[in-house]
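# Report on the structure
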Amino acid sequence: EDQVTQSPEALRLQEGESSSLNCSYTVSGLRGLFWYRQDPGKGPEFLFTLYSAGEEKEKERLKATLTKKESFLHITAPKPEDSATYLCAVDEAGSYQLTFGKGTKLSVIP
Amino acid sequence: GAGVSQSPSNKVTEKGKDVELRCDPISGHTALYWYRQSLGQGLEFLIYFQGNSAPDKSGLPSDRFSAERTGGSVSTLTIQRTQQEDSAVYLCASSLAVSQDQYFGPGTRLLVL
């Protein structure tokens, strides 16, 4: 069973059409949940870290939220340059590695 | 400041050859991580270093894979007797300390023919 599941696998939005990406996790002790953006042919770019349920962080058109079972990445009025694969990862207590989901590929159409 | 750098950016090799991949972390970052990203798969953890020591080697896929870090800075991931299934993007990340935010390099794209 995957510890980190992202949905949907792919999402197409019209420019300006707000939506949310989901990341659900099943680790026993969450030390942190991370969101990254990855453009084709590049390494993941750090976006946010969330540490406790109820925490929210914002950056430009992106807002990340965290509950005890999942995290959402809300995208408000997206632009074509927001097109990328968004990766979620968890840092589990007792482990020093990040466990990644398979990502959501976002396409924003002008 | 400078981010994580990796070299080479691309590597094509023949099955059975050895390859070395290099990672230069962000200056001052004590923790360094190697991951592998295969087509259609998520990022897979390989190994991490705290300083020059590697407390967790559990992610290395086989004994053909090894890694070292010298001077608390540069790290090298070596794959011996490469196989076609080793073809992937190898990503390096660094953080100020373990369990801090990890910053990734651009990756090395390895193709084993």
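See the structure above.
As a starting point, this report considers the structure included with it. (Residues numbered from 1 in each chain as written. Chains lettered and ligands numbered in written order. Predicted model: local features only at pLDDT ≥ 70, side-chain atom pairs only at ≥ 80, totals over all residues. Heavy atoms only, no water.)

It is worth spelling out the state of the cysteines at this point. Residues and elements named next belong to chain A. Using the criterion set out here, one finds two disulfides over all chains in the structure. With its sulfur 1.9 Å from that of its partner, C23 forms a disulfide with C88. Torsion about the S-S bond of the C23 and C88 cystine: about -60°, corresponding to left-handed handedness. Of this pair, C23 sits in strand 3 (residues 19-25) while C88 sits in strand 9 (residues 84-92), and the two are 65 residues apart along the sequence. Residue classification places C88 among the buried residues on the basis of a relative accessible area of 0%. (Disulfide = S-S within 2.5 Å. Helix = DSSP H or I, 4+ residues; strand = E, 2+ residues; numbered from the N terminus. Buried < 20%, exposed > 50% of the residue type's maximum accessible area, 1.4 Å probe, protein only.)

This part is about the interface of chain A and chain B. With 19 residues of chain A in contact, the opposing surface of chain B contributes 22 residues. Carbon and sulfur atoms supply 53% of the area buried between chain A and chain B, which totals about 1,600 Å² over both sides. Area buried by chain A at its contact with chain B is led by Y96, Q97 and F100 of chain A, which between them contribute 34% of it. Linking chain A with chain B are zero salt bridges. Counting across the chain A and chain B interface gives five residue pairs in polar contact (both at pLDDT 80 or more). Listing elements by their share of the side of chain A that touches chain B, those giving two or more residues are strand 4 (30-38), strand 5 (45-50), strand 9 and strand 10 (98-100) of chain A. It is strand 4 of chain A that provides the largest number of residues to the side of chain A that touches chain B, a total of four residues. Residues belonging to the side of chain A that touches chain B are distributed by class as follows: nine nonpolar, six polar and four charged. (Contact = heavy atoms within 4.5 Å. Buried area = accessible area lost by both parts, 1.4 Å probe. Salt bridge = Lys/Arg side-chain N within 4 Å of Asp/Glu carboxyl O. Polar contact = N/O pair within 3.5 Å; in protein donor to acceptor, adjacent residues only side chain to side chain. Nonpolar A, V, L, I, M, F, W, Y, C, P; charged D, E, K, R; others polar.)

Such coordinate-based values are descriptive only and should not be taken to indicate function.
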